[in-house]
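Listed below, chain by chain, are the residues.
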Amino acid sequence: MAHSASSRSDAPTLGASRYGEQVFRPQDQGEADRIDLGALAYDATTMARLRELGAGPGWRCLDVGAGTGTVARALLEVGADEVVAADRDVRFLAADPPPGLTVLEADITTDGFAPGTFDLVHARFVLMHLPDPGRMVARLARMLAPQGVLVVSDAVDLTTADAPDSSFTSAMRAMWQGLHDTIGTDVTWVPGCPRLLEAASLESVTAEIHVPPLQPDSAISRFWAETWDRARASMIATGLVDDSTIDDAVRCLDAPGFCGHSPGMLTAWGHRPEARP
Ligand SMILES: C[S@@+](CC[C@H](N)C(=O)[O-])C[C@H]1O[C@@H](n2cnc3c(N)ncnc32)[C@H](O)[C@@H]1O
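Right, let's walk through the structure included here. This structure is a prediction, so every number in the text was calculated from the model and none was measured.

**A look at the packing of helix H1 (residues 31–52) against helix H2 (residues 70–77)**
Now for step 1: It is at 10 Å that the axes of H1 and H2 come closest, and there the two elements cross at 40 degrees. The element H1 and its partner H2 pack so that their crossing is right-handed. Side by side, H1 and H2 meet where Asp36, Ala39, Asp43, Thr46, Met47 and Leu50 of the first sit next to Thr70, Val71, Ala74 and Leu75 of the second.
Now for step 2: Here the contact of H1 with H2 is built from residues that sort into six nonpolar, two polar and two charged.

**Some points on the site of the ligand**
Now for step 1: Around the ligand lies a shell of 16 residues, among which Gly65, Asp87, Asp107, Ile108 and Arg124 are the nearest.
Now for step 2: Contact between the ligand and Asp87: an oxygen atom at 2.5 Å from a side-chain N or O atom of the residue.
Now for step 3: Between the ligand and the protein, one listed contact pairs a nitrogen atom with a backbone N or O atom of Ile108 at 3.0 Å.
Now for step 4: Contact with the protein chains hides 93% of the accessible area of the ligand, taken as 600 Å² for the molecule alone.

**Concerning H2**
Now for step 1: Burial analysis of H2 places six of its eight residues in the buried class, which makes it a mostly covered element.
Now for step 2: For H2, every residue scored as buried is listed here: Thr70, Val71, Ala72, Ala74, Leu75 and Leu76.
Now for step 3: For H2, the elements touching its buried residues are H1, strand S1 (60–64), strand S2 (82–87), strand S3 (101–105) and strand S4 (118–124).
Now for step 4: Following H2 by one or two positions, Gly79 adopts a phi angle in the positive range, close to 105 degrees.

**Points about unusual backbone geometry**
Now for step 1: The phi dihedral of Asp96 is positive, around 55 degrees, even though this residue is not glycine.
Now for step 2: In this structure, Asp96 sits in the loop between S2 and S3.
Now for step 3: By relative accessible area, which is 69% here, Asp96 ends up exposed.
Now for step 4: Despite not being glycine, Asp217 has its phi angle at roughly 65 degrees, a positive value.
Now for step 5: Turning to its location among the elements, Asp217 is positioned in the loop between strand S6 (203–210) and helix H6 (219–237).
Now for step 6: Owing to a relative accessible area of 55%, Asp217 belongs among the exposed residues under this scheme.

**Things to note about the environment of Arg34**
Now for step 1: The residue Arg34 is located in helix H1 in this model.
Now for step 2: Taking relative accessible area as the criterion, Arg34 reaches 4% and is therefore assigned buried.
Now for step 3: Through-space distance from the C-alpha of Arg34 to that of Gly58 is 32 Å; in sequence the pair is 24 residues apart.
Now for step 4: Ignoring any residue separated from it by four or fewer positions in sequence, one finds Arg34 in contact with Tyr19, Phe24, Phe223, Glu226, Thr227 and Arg230.
Now for step 5: Looking at Arg34, its side chain comes within polar contact range of the side chain of Thr227, at 3.0 Å.

Quick notes on the rules
- Residues numbered from 1 in each chain as written.
- Predicted model: local features only at pLDDT ≥ 70, side-chain atom pairs only at ≥ 80, totals over all residues.
- Heavy atoms only, no water.
- Axes fitted to C-alpha atoms, helices over the stretch in contact; angles between N-to-C directions.
- Helix = DSSP H or I, 4+ residues; strand = E, 2+ residues; numbered from the N terminus.
- Left-handed = near helix turned anticlockwise from the far one by under 90°.
- Contact = heavy atoms within 4.5 Å.
- Nonpolar A, V, L, I, M, F, W, Y, C, P; charged D, E, K, R; others polar.
- Near = heavy atom within 4 Å.
- Polar contact = N/O pair within 3.5 Å; in protein donor to acceptor, adjacent residues only side chain to side chain.
- Areas by Shrake-Rupley, 256 points an atom, 1.4 Å probe, with all protein chains shown as cover.
- Buried < 20%, exposed > 50% of the residue type's maximum accessible area, 1.4 Å probe, protein only.

Encoded structure:
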């Protein structure tokens, strides 16, 4: 997918900020393509789950933090009646939206975010970058029509304490720490995501994890290389890695037989009861 963007000339300065302000800035050259690489790695899994849950004709859907809109468009392709694609920056969504796609520029952390009621509310790789995921899950659950389904996907880190010592492991740990220090990203709560859905009074809560294989030149390998490129300053600021470690980790991603593991995607879903509890 081709996208236009300004050149990425100025390096981010470090300090408290939000997603897209200092790191992952949408105006930076190639940012839409980076999001698309993540989408290429995960869309098939996401859409298989959404189809299994019934997404299709007759459904009104909300995709929160829709990015470049690949899931929103795929929902229309499987026959959803209407899809609202919400993002705090809609430059990748606004160009030539297909019939049925409503683009909504909105910050989902603000109290004013209440775009309606939906059969499906979906948020992928968004809540992990925001404060108070429990509050966000509860807010999104309130946007469901009776029997509607909330589907939340976020990253699960596999570089746990016993992961092999390697430049890849170091880079991945430095990335999570650096993103936490700069934009508040937190994936530690993600394994507990199903409990957040239960706390929001959703029923039949279920979860699954997909870990895409890291193969040379695969979309997921290119996604991490691009992500480390953008997060490099914040990774180095952690003191956990230097430039040469990151460069070596990027080379690992392209090495045949490399056996590191990408962060996985945990998807949790639950249904709003027919009547409010
Ligand atoms: C990692 S991208 C994921 C994009 C898409 N969901 C996907 O999986 O391909 C995170 C997206 O969330 C959006 N976002 C971050 N904070 C947001 C907020 N407070 N309100 C709305 N969107 C937000 C970003 O602009 C970005 O498009």
